[in-house]
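# Remarks on the overall topology
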Amino acid sequence: MTQAPAARTALDSVLDRIDQDLPQAVDRLIELLRIPSISTDPAFNADSARAADWLGKDLAAIGFDASVRPTPGQPMVMGRHQGPGRHILFYGHYDVQPVDPLSLWDRDPFDPELQDTPGGKVIRGRGASDDKGQLMTFIEACRAWKAVHGSLPGNLTIFLEGEEESGSPSLVPFMRENADELRSDLALICDTGLFADKPAIVTMLRGITGDEITITAASKDLHSGMYGGLAMNPARVLTKILGAMFDDQGRITIPGFYDDVAELPDAMRAQWQGLGFDHAGFLDEVGLSVPAGEQDRTPLEMLWSRPTAEINGIWGGYQGAGSKTVIPSQAHAKLTFRLVPGMDPDRVQRAFRDWVRAQIPADCEVTFKGKDGAPASEMSIEDPAFEAARLALSEEWGVPAAFVGCGGSIPIAGHFKTVLGTDAMLVGFGRDDDQIHSPNEKYDLKSFHKGIRSWARILDRIAG
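Residues numbered from 1 in each chain as written. Predicted model: local features only at pLDDT ≥ 70, side-chain atom pairs only at ≥ 80, totals over all residues. Heavy atoms only, no water.

Counting secondary structure elements, the protein chain contains 15 helices and 19 strands. Overall size of the protein chain, expressed as C-alpha extent along the three principal axes, is 95 × 50 × 50 Å. Every one of the 464 residues in the protein chain was classed for burial, and the buried ones make up 52%. Nonlocal contacts in the protein chain, meaning residues at least 24 apart in sequence, comprise 78% of its contacts between residues at least 6 apart. Total accessible area on the protein chain stands at roughly 21,100 Å², and carbon and sulfur atoms take up 50% of it. A gap of 0 Å separates the mean positions of the 45 positive and 66 negative side-chain charges of the protein chain. (Helix = DSSP H or I, 4+ residues; strand = E, 2+ residues; numbered from the N terminus. Buried < 20%, exposed > 50% of the residue type's maximum accessible area, 1.4 Å probe, protein only. Contact = heavy atoms within 4.5 Å. Areas by Shrake-Rupley, 256 points an atom, 1.4 Å probe, with all protein chains shown as cover. Lys, Arg positive; Asp, Glu negative; His and termini not counted. Charge placed at Lys NZ, Arg CZ, Asp CG, Glu CD.)

Structure follows, in structure tokens:
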């Protein structure tokens, strides 16, 4: 008996449209990539405005009530479609990193093209992966839905920023001023990547805080022959303090540092273990071999669910060629702390400073120059939309999608929670070799194509 073919669904028609329209979707992305929307350099302000206008017109063309909103910095782009169901907000950013050093690019970074590589076709150009290619996956999914059904799916807002690469100075004020428009039931962020080429939903992001420490001893640099052995050397003090910040097992010794750190749930630990993370290969790519964090933790726990303290830079005294026999007057270091859910950035900074001050000897003084911190973000996967999205990704990619952590910090996810009271779902399709922020940035055509199809599947499950 011949089995009847499965009935085609409304989603199947959208997926077919995405496949048929892929060449045109690539052309649209390349057109956007040609605009050098570098937010860190005022010389490109007009180009940032041009990119915002391009996106506003594109959203309007597919049925969004679109507008380009001025800010003290780069414009925000808003697109609204009121429909049935939960209010879903999508966030992306259209600004890009500077291209320096230009000499390391194989072609003009703002003359993008589709290239054949040993790993498959890629879209090459600044912003291809971070974040123009990623944000366009969502817009193209909406475009296909509109083409097939004559209307957009559900109750959607698209929110595109132009200052993410320059610290987002206008973001929080804009969110507060437009909270009624932006407040939603769920925020979607497409600024992450695949995990070992498998789809993933980031549910845990580390926060960050930092400090710069200066230890001063003598009023000027001293001759090491005349004063050596008698005068205190601030570099000696600084290195002793920083060296004592870790014990032999990789734990951080600052009193109270772990007080607010929760244990990873057993179910999540088991899921992470099932990902088959090759930590040896991960370290080998950068010429290392031995995990340096807490020795009683798995490598993924070290990266995703445990706090860190890192010395980012240390200097003092003579730095030129040859030697100069001085005892420096000052020694300096820059540090950052990656934080996990429950940790207060201000409390961590105070604990570090108190610990340092307690170790400063006579004849030395210490000063600090801190920076604003951001707390970690943890998304509740109890919302059924998270499991629905995980199943949608699994269907599209043919492998089980996972809930994962992220060692970095994506402040917008925290801002959605603290400013708007909205949880965020982070889904992205970048790869580790996309060379974001570096010369020859690229985005795999497979990531772009399946990213569009993935969003169509997710919208089918959660937007109605």
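That shown, we press on.
Counted according to the given criterion, the structure contains 18 aromatic pairs. Look at Phe90 and Phe138: their rings are 4.1 Å apart centre to centre, the planes differ by 5°, and that puts the pair in the stacked class. Of the two residues, Phe90 sits in strand S3 (residues 87-93) while Phe138 sits in helix H4 (residues 132-149), which places them 48 residues apart along the sequence. Owing to a relative accessible area of 1%, Phe138 belongs among the buried residues under this scheme. Their ring planes at 80° and their centres at 6.1 Å tell us that Tyr91 and Phe416 sit as a pair that is edge-to-face. In this pair, Tyr91 is assigned in strand S3 and Phe416 in helix H14 (residues 411-420), connecting sequence segments 325 residues apart. Using a relative accessible area of 1% as the deciding quantity, one classes Tyr91 as buried. (Phe/Tyr/Trp six-rings, centres within 6.5 Å; stacked < 30°, edge-to-face > 60°.)

It is worth spelling out the nonpolar core at this point. Leu55, Phe159, Phe416, Phe448 and Trp455 are the most contacted members of the largest nonpolar core, which totals 99 residues. Setting aside residues no more than four positions away along its own chain, Phe416 makes contact with Leu89, Tyr91, Phe159, Met175, Ala187, Ile189, Gly421, Thr422 and Ala424. The next biggest cluster of nonpolar side chains, apart from the first, holds 28 residues, and it includes Ile215, Ile252, Met343 and Ile360. (Core = buried A, V, L, I, M, F, W, Y, C linked by side-chain atoms within 4.5 Å.)

Further remarks concern the pattern of salt bridges. Within the structure shown, the criterion is met by 39 salt bridges. For Lys442, the salt bridge is made with Asp434, and the minimal N-O distance between the two is 2.9 Å. For Asp434, a relative accessible area of 1% translates into the label buried. Where salt bridges share partners, they join Asp19, Glu395, Glu396, Lys450, Arg453, Arg457 and Arg461 into one cluster. (Salt bridge = Lys/Arg side-chain N within 4 Å of Asp/Glu carboxyl O.)

So, about the sheet that holds strand S5 (residues 120-124). Pairing within the open sheet is antiparallel, and its 3 strands lie in the order S4-S5-S19. Lying at the two open borders of the sheet, with one neighbouring strand each, are strand S4 (113-117) and strand S19 (442-444). This sheet shows a mean twist of 35° between the axes of neighbouring strands, independent of strand direction. (Pairing = 2+ DSSP bridges. Axes fitted to C-alpha atoms, helices over the stretch in contact; angles between N-to-C directions.)

Okay, the pairing of strand S13 (residues 330-339) next. Burial runs high along S13: 7 of the 10 residues are buried. Pairing of strand S9 (residues 207-216) with S13, which is carried by 10 bridges, proceeds in the antiparallel orientation. Each residue of the ladder has a partner; that of Thr216, found in S13, is Gln330.

Moving on: the packing of helix H1 (residues 10-20) against helix H15 (residues 445-462). Look at H1 against H15: their axes get within 10 Å of each other, and the N-to-C directions meet at 160°. With respect to each other, H1 and H15 are oriented roughly antiparallel. In this structure, H1 crosses over H15, and the sense of that crossing is right-handed. Listed contacts from H15 to Leu11, Val14, Leu15, Ile18 and Asp19 of H1 are His449, Ile452, Arg453, Ala456, Arg457 and Asp460. (Parallel < 35°, antiparallel > 145°, perpendicular 65-115°, else oblique. Left-handed = near helix turned anticlockwise from the far one by under 90°.)

Moving on to a nonpolar patch on the surface. A grouping of Phe246, Ile311 and Ile314 is seen on the molecular surface, where their side chains present a nonpolar patch of about 240 Å² in accessible area. Tracing the chain through its elements places Ile314 in strand S11 (residues 308-316). The class of Ile314 is partly exposed, set by a relative accessible area of 47%. (Patch = residues over 30% accessible without salt bridge, like charges linked within 9 Å, V, L, I, M, F, W, Y side chains within 5 Å.)

Moving on, we come to a negative patch on the surface. Where like charges cluster on the molecular surface, the negative patch consists of Asp278, Asp284, Glu285 and Asp432. For Asp278, the position within the fold is in the loop between helix H9 (266-273) and helix H10 (279-284).

The next thing to look at is the side chain of Arg124. Tracing the chain through its elements places Arg124 in strand S5. This buried residue, Arg124, is left without a salt bridge; Asp106 holds the nearest opposite charge, at 6.0 Å. At 3.0 Å, the side chain of Arg124 and the side chain of Gln115 are in polar contact. Once residues within four sequence positions are removed from consideration, Arg124 is found in contact with Arg107, Pro112, Glu113, Gln115, Thr117, Gln435, Asn440, Glu441 and Lys442. (Polar contact = N/O pair within 3.5 Å; in protein donor to acceptor, adjacent residues only side chain to side chain.)

Turning our eyes to something else, we now look at the side chain of Thr203. Mapped onto the elements of the fold, Thr203 is located in strand S8 (residues 200-205). Those residues within four positions of Thr203 in sequence are excluded, and the remaining contacts are Met268, Ser377, Glu378, Met379, Ile381, Phe386, Phe403 and Val404.

Take the packing of helix H2 (residues 22-33) against H4 next. Running from N to C, H2 and H4 point in directions that differ by 140°, and their axes come no closer than 10 Å. Classed by the angle they form, the pair H2 and H4 counts as oblique. The crossing of H2 and H4 is right-handed. Contact residues: Ala25, Arg28, Leu29, Leu32 and Leu33 in H2; Lys132, Gly133, Met136, Glu140 and Arg143 in H4.

Over its 18 residues, H15 runs 26 Å from end to end, which matches the ideal 26 Å to within 8%, given 1.5 Å per residue. A large share of H15 lies buried, amounting to 15 of its 18 residues. (Expected span 1.5 Å × (residues − 1).)

Here the structure, examined in full by the defined rule, presents 0 disulfides. Residue Cys406 stays outside any disulfide, its sulfur separated by 13 Å from that of Cys190, the closest cysteine. (Disulfide = S-S within 2.5 Å.)

For the peptide bond that leads from Asp100 to Pro101, omega is -5°, which places it in the cis range. A cis amide bond links Asp130 to the next residue, Asp131, at an omega of 5°. Its location among the elements puts Asp131 in the loop between S5 and H4. At Ala196, a position not held by glycine, the phi torsion is positive, near 50°. Turning to its location among the elements, Ala196 is positioned in the loop between strand S7 (186-189) and S8. According to the relative accessible area criterion, Ala196 is exposed, its value standing at 52%. A positive phi is found at Asp363, a non-glycine position, where the angle reads about 75°. If you trace the backbone, Asp363 turns up in the loop between helix H12 (345-357) and strand S14 (365-368).

Just geometry here; none of it tells us what the structure is for.
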